[in-house]
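# Results of the structural survey
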Amino acid sequence: MTRLFSGNKNPGDHLWPVLLISGIALLFNLNGWGVTETSEARYAEIAYEMYQTGDYLHPRLLEIQHYHKPPLTYWITALSYHIFGPNAFAARFFQQFMILIQMVLVFHLTQMFTKNRRTAVSAALIYISLPAVLISARALTTDVFLNTFVLLSVFFWAKRRLSGQPVWLYLTYLSLALGFMTKGPVVFIIPAVTIPLLNHLMPSRQKGQGFHHIAGFLLFLTTGASWYLYLVGENPAFLDYFVIDHTINRFATNQFNRGEPFWFYFLLVPAMSFPWLLLSVWHSLFKKTSQWTHKRVLWLWIGIPLIFFSLSTSKLILYVLPIFPAIAIISAIVWTNLSAKIRKRWNIALSGYHTLIISSLLVAGFVPLADINYSSSMYVTLGIMSTVVVLQILRISRTRNTVWIAASFSLLLIIFSTYFLEANPLIGNDQRNVALLAKEKLSESGHIMVYDRRLPSVAFHAHHPIISINNGNEGLTRETIFEKSEKWKDSLIDINDDRLNEEAFFEGSVLLSRMEDASEPAFIRLASFFSDRQTVDGWMILSGVNQNNNHNK
């Protein structure tokens, strides 16, 4: 740790202030809004059900087995629940910690490539300023954990090439194993590109490493494949499930309704790294370089996975999160080597970009159709952000502070986002208020029922199981092939189930529906059992079984 913070006394050469400020911003008001639908609520609830039941080998979502992802993210999140209690802060805590680790790794990889500490600090600052990284920090997701393990594998391999010490090789295999336990084979994509390139860039004279590779591979199998092998041992059908359904079909088909056109990432990645990728492409991509340089490694680190993921049918922005460290590193290298005149131009462009963001956020609060609520804390944060931009404009020629300003603006934007999500649960798809009111209306023997939706956020915040009433919503299609009993049918009920015709079934229960679903005849029939109704954040909450109900069975 001492070595990390040692060196030149100039603050611009130190990483620790960057980590400290970033950590404060990332953790600030982290419990201010509830877990959001759909992905974050799903991961948070699966981890909560593990925390409740003690079964860490068979992930369950709303009491039905759910094997879409390996369990490491759930394990880490469940550990956080044991430390902080099951709440939104705990669900997101270790994710923020992972982003800080990524910043440290970006710093060290940059220092390895450039031998320049100031450039390495700039890379860490640029990384935390990237819009994609900011998005990844706001909701629990497997991609942030995967990105950390991918970066660790690249860093440890580079350390092994420089030092020749076998310990770094074992740590590489361990990192790949942890990534494999996070999101499966996708962990190999970046290392498959970068490791051969690093071998050319960092020649090693070490020989006789075969034993260590065999031992490292055994470590990978023991750590990374053990859960898969255990499940396949329980039921051989898991082999086809993991290989066909969640590897081949996820890549080649739109089975999971995430299909996007080929060019999706070619537009989105520059937008999610603006303006740094554009700057790097403009000033370095077409310059002639020798075959094997750190820049060539970084461009291939960005380009090859970008093409690979573009060929995939299933696309989300965070799928390509592991290419953004390379964008930050090459941007810092390019920025360091630019002339003062060109830096000034980019500083002007960046200040204009920041001004546009602030203006858009201010205008959004006055657009009636947007229905956005603004709190005093949001205005205060926007005021501080505006002050940063004014200082940037007044000192437009002092470009040594540009990356600090970019990072500061982005961290303030993170703080603003916490207030925004807290004040606008409907926009953020946050049902915490709905869950708390439903729990308040619920009797000890009653159920929380949700009409035609899968709503793990309500189960998570109410700390109570929910029953989904299925009226044809595709999102309620569940994989029940690995269920060993019919018990799952108690938490997923078809609209034609006879139980829904019995008044006694609704006694002491609460029924939730999206407002847009409340006019459906099937829901109106169910609603006739209840006497009380309230609306919260776009949801109707029905309670109090109508004792004088004249419902026709």
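Keep in mind that what you see is a predicted model, and the values were worked out from it rather than measured.

The packing of two helices is summarised by the inter-axis angle and the distance between the axes. Direction vectors running N to C along helix α18 (residues 340–364) and helix α19 (residues 376–394) enclose 160 degrees, while the axes themselves pass 10 Å from each other. In terms of their interaxial angle, α18 and α19 are classed as roughly antiparallel. For α18 against α19, the interelement crossing comes out left-handed. Residues Asn-347, Leu-350, Ser-351, His-354, Thr-355, Ile-358, Leu-361 and Leu-362 of α18 form the contact with α19, whose own contacting residues are Tyr-379, Leu-382, Met-385, Ser-386, Val-389, Gln-392 and Ile-393. Looking at the contact of α18 with α19 residue by residue, the class counts come to nine nonpolar, six polar and no charged.

Looking now at a nonpolar patch on the surface. On the surface, Phe-262, Trp-263, Phe-266, Leu-267, Ile-307 and Leu-311 cluster together into a nonpolar patch covering about 640 Å² of accessible area. Among the secondary structure elements, those contributing two or more residues to the nonpolar patch are α14 (264–272) and α16 (294–311). Topologically, Phe-262 is positioned in the loop between α13 (237–252) and α14. For Phe-262, a relative accessible area of 44% puts it in the partly exposed group.

This part takes up the pairing of strand β8 (residues 539–545). By the criterion of burial, β8 is predominantly enclosed, with six of the seven residues buried. Here strand β6 (residues 510–514) runs beside β8; their pairing, made up of four bridges, is antiparallel. Of the residues in β8, the one forming a bridge with Arg-514 is Trp-539. Where strand β7 (residues 530–536) folds back onto β8 in an antiparallel hairpin, the turn is made up of two residues, including Asp-537, whose phi is positive at roughly 50 degrees.

Within a beta sheet, neighbouring strands are joined by backbone hydrogen bonds and run either parallel or antiparallel to one another. Taken in spatial order, the six strands of this open sheet run β5-β4-β3-β6-β8-β7, and their pairing is mixed. Here the strands that pair on one side only, and so sit at the sheet edges, are β5 (492–494) and β7. Averaged over neighbouring strand pairs, the angle between their axes works out to 25 degrees when direction is ignored. Bridge count for β7 against β8 is six bridges, and the pairing is antiparallel. The residue bridging Asp-532 from the neighbouring strand is Ser-543, located in β8. Across the face of the sheet, helix α21 (residues 432–441) comes into contact with β3 (448–451), β6, β7 and β8 while running at roughly 155 degrees to β7.

Let us look at the confidence of the model for the protein chain. The pLDDT averaged across the protein chain works out to 89; a share of 91% of its residues lies at or above 70. Per-element confidence in the protein chain ranges from a low mean pLDDT of 36 for helix α1 (residues 2–5) to a high of 98 for helix α4 (residues 72–84). Within the model, pLDDT remains below 50 along residues 1–9, and this stretch shows 13 contacts once partners closer than five positions in the same chain are excluded.

If a strand is regular, its side chains alternate between the two faces of the sheet. Taken across its five residues, β6 has five buried, putting it largely inside the fold. Every second residue of β6 is oriented toward a common face, with Val-510, Leu-512 and Arg-514 on one face and Leu-511 and Ser-513 on the other, all of them buried. Note that β3 and β6 share three bridges and pair parallel. Note that in β6 the partner of Met-449 across the bridge is Leu-511.

For the rest of this paragraph, the subject is the side chain of Thr-148. Within the secondary structure, Thr-148 is located in helix α8 (residues 142–163). Taking the relative accessible area as the measure of exposure, Thr-148 reaches 0% and is therefore buried. A polar atom in the side chain of Thr-148 sits 3.0 Å from the backbone oxygen of Val-144. Residues within four places of Thr-148 in sequence aside, it is in contact with Met-98, Ile-101, Gln-102 and Leu-105.

What follows covers the side chain of Arg-92. Here Arg-92 lies in helix α5 (residues 88–114). Within the structure, Arg-92 has its side chain in polar contact with the backbone oxygen of Leu-30 (distance 2.8 Å). Among all residues touching Arg-92, those that are not within four sequence positions of it are Leu-30, Trp-33, Gly-34, Val-35, Thr-36, Glu-40 and Arg-138.

Now for the pattern of salt bridges. Under the definition given, this model contains eight salt bridges. Glu-40 serves as the salt-bridge partner of Arg-92, at 2.6 Å between the closest nitrogen and oxygen. Taken together, the residues Arg-92 in helix α5 and Glu-40 in helix α3 (residues 39–53) connect sequence positions 52 residues apart. Look at Arg-92 and you get buried, because its relative accessible area is 1%. Exposure remark for Glu-40: the relative accessible area of 2% places this residue in the buried category. Where Arg-499 meets Asp-497, a salt bridge forms, and the shortest distance between an N and an O atom there is 3.0 Å. Using a relative accessible area of 28% as the deciding quantity, one classes Arg-499 as partly exposed.

What counts, and at which threshold
Residues numbered from 1 in each chain as written. Predicted model: local features only at pLDDT ≥ 70, side-chain atom pairs only at ≥ 80, totals over all residues. Heavy atoms only, no water. Axes fitted to C-alpha atoms, helices over the stretch in contact; angles between N-to-C directions. Helix = DSSP H or I, 4+ residues; strand = E, 2+ residues; numbered from the N terminus. Parallel < 35°, antiparallel > 145°, perpendicular 65-115°, else oblique. Left-handed = near helix turned anticlockwise from the far one by under 90°. Contact = heavy atoms within 4.5 Å. Nonpolar A, V, L, I, M, F, W, Y, C, P; charged D, E, K, R; others polar. Patch = residues over 30% accessible without salt bridge, like charges linked within 9 Å, V, L, I, M, F, W, Y side chains within 5 Å. Areas by Shrake-Rupley, 256 points an atom, 1.4 Å probe, with all protein chains shown as cover. Salt bridge = Lys/Arg side-chain N within 4 Å of Asp/Glu carboxyl O. Buried < 20%, exposed > 50% of the residue type's maximum accessible area, 1.4 Å probe, protein only. Pairing = 2+ DSSP bridges. pLDDT = per-residue confidence, 0-100. Polar contact = N/O pair within 3.5 Å; in protein donor to acceptor, adjacent residues only side chain to side chain.

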